[in-house]
Amino acid sequence: MNMKSGWPAPKRALILLAATALTIFLSMLPLGDLLTYPIRLFVTYVHELFHAVAALLTGGYVHSIAIHQDASGETMTAGGIGWIISMAGYVGTVLLGIICLRSMQRQANARGILVVFFSIAALTVFYTGMNSPFGTIVGSALAALFILTALYGHSLLADLLAAFTSIQLLFNAFYDLKTLLILSAGHNTHTDALNMQHSTGIPAIVWAILWLSLSGYAAYKLLLQQR
């Protein structure tokens, strides 16, 4: 399998522009949320898997991952370093979106990116299991979509799917951080930032601002800053 699509730089730019325009267009449609629902769910898979990976890397254990129909998720862990685990979902999703877009800008590595997306969906399904049938079924379908497109899809289709999904990762990650900031400002809603408040005594809104700032800085350095 050739991981590089072979598109020259001008065509790569057009593909990214088309994927961005599609994202903006769908966000303006009354049924846009419904049309992007599968990818929105995938963003949740990414978010929750980063929690799981952070737990494992800091010496913790992952009990399970649950994905819900409202595109929310929950990762049950034990041990590990709490602040890293809580931060990993938001910041990790932003970083993945940035890295994938930078990869396409420089190498048009669309098929390789789709294999990464397949791996994320498949690994999350490993942790959802029977405790989250919805998450397991949808995750399996997403994994199949990504790997089949990577292996057998036309180069243009692979590029568009990789670019659109990467942009959606970034778009939804920042949207989720904005929502987290609003919830942390005056609500007692259960969030990762509220978990950190309970663990450290530092207000949830401080954590929300910190994570949003880190994500914004990473986006500037890795995606927007010209080198």
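Here the structure is a predicted model, which means the values were calculated and not measured. (Residues numbered from 1 in each chain as written. Predicted model: local features only at pLDDT ≥ 70, side-chain atom pairs only at ≥ 80, totals over all residues. Heavy atoms only, no water.)

Caption draft 1: Inspection of the overall build of the protein at higher detail. Looking only at helices and strands, the protein features nine helices and two strands. Order of helices (α) and strands (β) in the protein, N terminus to C terminus: α-α-α-β-β-α-α-α-α-α-α. Expressed as a percentage of the 227 residues in the protein, the buried residues total 48%. Within the protein, residue pairs in contact and separated by at least 24 positions form 71% of the contacts whose partners lie at least 6 positions apart. (Helix = DSSP H or I, 4+ residues; strand = E, 2+ residues; numbered from the N terminus. Buried < 20%, exposed > 50% of the residue type's maximum accessible area, 1.4 Å probe, protein only. Contact = heavy atoms within 4.5 Å.)

Caption draft 2: Fine view of the pairing of strand S2 (residues 73-78). Across six bridges, strand S1 (residues 61-67) lies against S2 in antiparallel orientation. Paired with Val62 across the strands is Thr77, a residue of S2. In sequence, S1 turns back onto S2 through a hairpin of five residues, with Ala71 there showing a positive phi of about 70 degrees. (Pairing = 2+ DSSP bridges.)

Caption draft 3: Molecular detail of the packing of helix H5 (residues 110-128) against helix H6 (residues 133-152). Running from N to C, H5 and H6 point in directions that differ by 160 degrees, and their axes come no closer than 8 Å. Here H5 is positioned roughly antiparallel relative to H6, judged by the angle of their axes. As H5 runs across H6, the sense of the crossing is left-handed. Packed against H5, whose contacting residues are Arg111, Leu114, Val115, Phe117, Phe118, Ala121, Ala122, Val125 and Thr128, the element H6 presents Gly135, Thr136, Gly139, Ser140, Leu142, Ala143, Phe146, Ile147, Thr149, Ala150 and Leu151 at the interface. The residue makeup of the contact of H5 with H6, split by class, is 13 nonpolar, six polar and one charged. (Axes fitted to C-alpha atoms, helices over the stretch in contact; angles between N-to-C directions. Parallel < 35°, antiparallel > 145°, perpendicular 65-115°, else oblique. Left-handed = near helix turned anticlockwise from the far one by under 90°. Nonpolar A, V, L, I, M, F, W, Y, C, P; charged D, E, K, R; others polar.)

Caption draft 4: Broad picture of the confidence of the model for the protein. Scored by pLDDT, the protein comes out at a mean of 84, with 88% of its residues at no less than 70. Across the protein, the secondary-structure element scoring lowest on mean pLDDT is helix H9 (residues 204-224), at 73, and the one scoring highest is H6, at 96. With pLDDT under 50 throughout, residues 1-6 is counted as low confidence; its partners more than four residues away or in other chains account for 17 contacts. (pLDDT = per-residue confidence, 0-100.)

Caption draft 5: Region of the structure containing the nonpolar core. Of all hydrophobic cores here, the largest spans 59 residues; its most connected members are Phe42, Leu114, Phe117 and Trp211. Sequence-distant contacts of Phe42, defined by excluding residues within four places in its chain, comprise Phe117, Ile120, Ala121, Leu142, Phe146, Thr165 and Leu169. (Core = buried A, V, L, I, M, F, W, Y, C linked by side-chain atoms within 4.5 Å.)

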